[in-house]
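# Per-entry structural report
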Amino acid sequence: DWSMSSFCDQEIARIRKLVGDRAQVIGAVSGGVDSTVGAALLKEAIGSRFHAVLVDNGVMRLNECQQVKETLAEHLGISLTVVDASQRFLDGLKGVVDSEKKRKFIGNTFIDIFEEEALKIEKRAENTPNAGKVEWFLQGTLYPDVIESISFKGPSATIKTHHNVGGLPQRMMDGQGLKLIEPLRELFKDEVRDLGRQLGIHEDLVMRHPFPGPGIAIRILGDVTPERVKIARQADHIFISMIREAGLYNEISQAYAGLDTNKAVGVMGDKRQEGYIVILRAVKTTDFMTAEAYPFSMDFLMDVSRRIVNEVDGIALVTYNTTSKPPSTIELQ
Ligand code: XMP
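Source: prediction; values computed, not measured.

This part is about the UniProt feature "binding site: ATP" (unreviewed entry) in the chain. In the numbering adopted here, UniProt assigns the feature "binding site: ATP" (unreviewed entry) to Ser30, Gly31, Gly32, Val33, Asp34, Ser35 and Thr36. Lining of the second largest pocket among the annotated residues: Gly31. Of note, serine 30 is situated in the loop between β1 (24-28) and α2 (33-46). Judged by relative accessible area, serine 30 falls into the partly exposed class, the value being 39%.

What follows is the structure in structure tokens.
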């Protein structure tokens, strides 16, 4: 694509000029499209003076951390630090059932860890030939986020705190005097995907569904225990793999398996046994403000249920959430 290739070249030149030839840039990566494309662009522009940080918050999906590591560090050659903070997050989540409290705790802890890491990166850079201060913070803000944060003051802005795009880096910028670098702020999602292809990012990643920062924690109603995270993770992995195998992944905007608060009674052989309740969710949407449940065939849903109860210990039943947004939301909490 000619226009994307010239955008790419221009943006790389602009970043080089902006950052200069000493300063360092840091950015958080999650394995999602936006943060990966942003990171790949920065790497093209300033090489190892860009540092990506992946924080394992204990509520990522099955093998996700490992996959991000492979893609970014090995495939794209990005300088990456992985911080395994899963224990710290899971400890702090103990007993937290309110979804906004989950979001707040995960968001704040994330920034604490990221700040600690930024200082370490600067220290490490001190002893290298191109030592420079960490002056910039990469954010994968897209055009729709910019518009939303400027003009969107409607009622649903306050339903969930994630619409607060400016909130997260503000504390970092005030605290450490970091300047914001937002190479995607003029692009729509489809253009970011094109830019990703241009930068050699694999098609599977380019087409990935969005995944919320608080991860599985807001897909588990009630208490987020290590056991419940493990079960939700395994069920989710089966569901998503089956969606991929059926060739439906790109038809669907977002999908996951979550967990209900309570247990239900099931039978194992001739024994009565309580088990968890899995809630499957798959939606089609263009703007994520409204969404429709994806109309799977009953056969497909029954296959998914069968595999989940057979392969994951501790699950008594599987349900499919058919509710539209509104009144439901895409996530469970
Ligand atoms: P809802 O559940 O509000 O989700 O219908 C709309 C879109 O926003 C994502 N989402 C989040 N993303 N942090 C995020 O980074 C959050 O706390 C959060 N909550 C919801 C959701 O995955 C969907 O794409």
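Turning to the layout of surface pockets, a few remarks are in order. The probe, sized like a water molecule, is rolled over the atoms to show the empty space still left. Roughly 600 Å³ of volume is contained in the second largest pocket. Glu64, Gln67, Asp204, Arg208 and Arg244 are, among the 23 residues lining the second largest pocket, the residues nearest its centre. Secondary structure elements with two or more residues in the lining of the second largest pocket: α3 (64-75), α9 (203-206), α10 (226-245) and β6 (254-268). Its residues placed into classes, the lining of the second largest pocket shows seven nonpolar, nine polar and seven charged.

With that settled, the discussion passes to the packing of α10 against helix α11 (residues 298-311). Two elements in contact, α10 and α11, have axes separated by 10 Å at closest approach and are oriented at 145°. In this structure, α10 meets α11 at a crossing whose hand is right-handed. Residue-level contacts link Ala235, Ile238, Phe239, Met242, Ile243 and Glu245 of α10 to Phe300, Asp303, Val304, Arg307, Ile308 and Glu311 of α11. Split into classes, the residues belonging to the contact of α10 with α11 amount to eight nonpolar, no polar and four charged.

The environment of the ligand is made up of 13 residues, and the closest members are Arg103, Lys160, Gln254, Lys325 and Glu331. Between the ligand and the protein, one listed contact pairs an oxygen atom with a backbone N or O atom of glycine 213 at 3.0 Å. A distance of 2.5 Å separates an oxygen atom of the ligand from a polar atom in the side chain of glutamate 331. The residue makeup of the shell around the ligand, split by class, is five nonpolar, four polar and four charged.

For the structure on display, the rule yields eight aromatic pairs. Judged by centre distance (5.3 Å) and plane angle (70°), the ring pair of tyrosine 143 and phenylalanine 188 falls under edge-to-face. With a gap of 45 residues between them, tyrosine 143 in helix α6 (residues 143-151) and phenylalanine 188 in the loop between β5 (179-181) and α8 (189-198) connect regions that are remote in the sequence. Judged by relative accessible area, phenylalanine 188 falls into the partly exposed class, the value being 45%.

About the cut-offs
- Residues numbered from 1 in each chain as written.
- Predicted model: local features only at pLDDT ≥ 70, side-chain atom pairs only at ≥ 80, totals over all residues.
- Heavy atoms only, no water.
- UniProt positions renumbered as here; feature names shortened; annotations may be inferred.
- 1 Å grid on protein atoms, 1.4 Å probe; cavity = no way out; pocket = protein on both sides within 12 Å on 5 of 7 lines; lining within 4 Å.
- Helix = DSSP H or I, 4+ residues; strand = E, 2+ residues; numbered from the N terminus.
- Buried < 20%, exposed > 50% of the residue type's maximum accessible area, 1.4 Å probe, protein only.
- Points joined across faces, edges and corners; volume = space filled by probe spheres on them.
- Nonpolar A, V, L, I, M, F, W, Y, C, P; charged D, E, K, R; others polar.
- Axes fitted to C-alpha atoms, helices over the stretch in contact; angles between N-to-C directions.
- Left-handed = near helix turned anticlockwise from the far one by under 90°.
- Contact = heavy atoms within 4.5 Å.
- Near = heavy atom within 4 Å.
- Polar contact = N/O pair within 3.5 Å; in protein donor to acceptor, adjacent residues only side chain to side chain.
- Phe/Tyr/Trp six-rings, centres within 6.5 Å; stacked < 30°, edge-to-face > 60°.

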